[in-house]
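# Structure assessment
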Amino acid sequence: MMVAANPGSLLASKMVQEGFGVAGNDMNFSADILIEAALGARFADASGAYFDNDSGAFVNPHAAALDIDHVADVMSTIKELIAQTG
């Protein structure tokens, strides 16, 4: 089973604090949803779905993720980059 998840935006990380000048959201918010995704009943039949923790719901991903040609280009680029480092 595979579920894509946005664990939360602007979390209380050093990157957010330095880059955006804000304290950020509690990182436990993200940890909790990842634990639920691994163990919870709500995710049991969610294979192939996208969960947006900011809205607290399964939603459609960004339009680019649904564009087969765009996805193929991204995967091709990833494979090229891996080949260059191998």
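Residues numbered from 1 in each chain as written. Predicted model: local features only at pLDDT ≥ 70, side-chain atom pairs only at ≥ 80, totals over all residues. Heavy atoms only, no water.

### Remarks on the overall build of the protein
Each helix and strand in the protein was counted, giving three helices and three strands. Its helices and strands taken in sequence order, the protein reads β-α-α-β-β-α from the N to the C terminus. For 86 residues, the compact-globule formula gives about 12 Å, and the C-alpha radius of gyration of the protein, at 16 Å, lies well above that figure. Principal-axis analysis of the C-alpha atoms gives the protein an extent of 35 × 35 × 25 Å. Expressed as a percentage of contacts within the protein between residues at least 6 apart in sequence, the contacts between residues at least 24 apart total 38%. For the protein, the exposed area adds up to about 6,300 Å²; of that, 60% sits on carbon and sulfur atoms. (Helix = DSSP H or I, 4+ residues; strand = E, 2+ residues; numbered from the N terminus. Rg over C-alpha atoms; globule rule 2.2 N^0.38 Å. Contact = heavy atoms within 4.5 Å. Areas by Shrake-Rupley, 256 points an atom, 1.4 Å probe, with all protein chains shown as cover.)

### Looking at helix α3 (residues 68-85)
Side chains of residues three or four places apart in an α-helix project in the same direction, reflecting 3.6 residues per turn. End to end, α3 covers 26 Å across 18 residues, agreeing with the expected 26 Å (1.5 Å per residue, within 8%). Residue Asp 67 occupies the N-cap position of α3, its side-chain oxygen lying 3.0 Å from the main-chain nitrogen of Asp 69. (Expected span 1.5 Å × (residues − 1). Polar contact = N/O pair within 3.5 Å; in protein donor to acceptor, adjacent residues only side chain to side chain.)

### Overview of unusual backbone geometry
Trans peptide bonds make up the majority, and among non-glycine residues the majority have a negative phi. One non-glycine residue with positive phi stands out, namely Leu 10, at about 50 degrees. For Leu 10, the position within the fold is in the loop between β1 (4-6) and α1 (14-20).

### Focus: the environment of His 62
With respect to the helices and strands, the residue His 62 is situated in the loop between β3 (57-58) and α3. With a relative accessible area of 63%, His 62 lands in the exposed category. The spacing of His 62 and Tyr 50 is 12 residues in sequence and 9.8 Å in space, taken between C-alpha atoms. One polar contact links the side chain of His 62 to the main-chain amide nitrogen of Ala 64, over a distance of 2.9 Å. (Buried < 20%, exposed > 50% of the residue type's maximum accessible area, 1.4 Å probe, protein only.)

### A word on the sheet that holds β1
Spatially, three strands are ordered β1-β2-β3 in an open sheet, and the strand pairing comes out mixed. The open sheet has two edge strands, β1 and β3, and neither has a second partner. In the sheet, strand β2 (residues 50-52) pairs with β3 via two bridges, with the strands oriented antiparallel. Residue pairing across strands places Asp 52 opposite Ala 57, the latter belonging to β3. (Pairing = 2+ DSSP bridges.)

### Description of the packing of aromatic side chains
By convention here, two paired aromatic rings are described through the distance between centres and the angle between planes. This structure, assessed with the given rule, holds three aromatic pairs. Here the aromatic rings of Phe 51 and Phe 58 are separated by 5.1 Å at their centres, their planes lie at 75 degrees, and the arrangement is edge-to-face. Assessed through its relative accessible area of 0%, Phe 51 is described here as buried. Connected via pairs of aromatic rings, a cluster forms that spans Phe 43, Phe 51 and Phe 58. (Phe/Tyr/Trp six-rings, centres within 6.5 Å; stacked < 30°, edge-to-face > 60°.)

Purely spatial values, then, with no claim about function.
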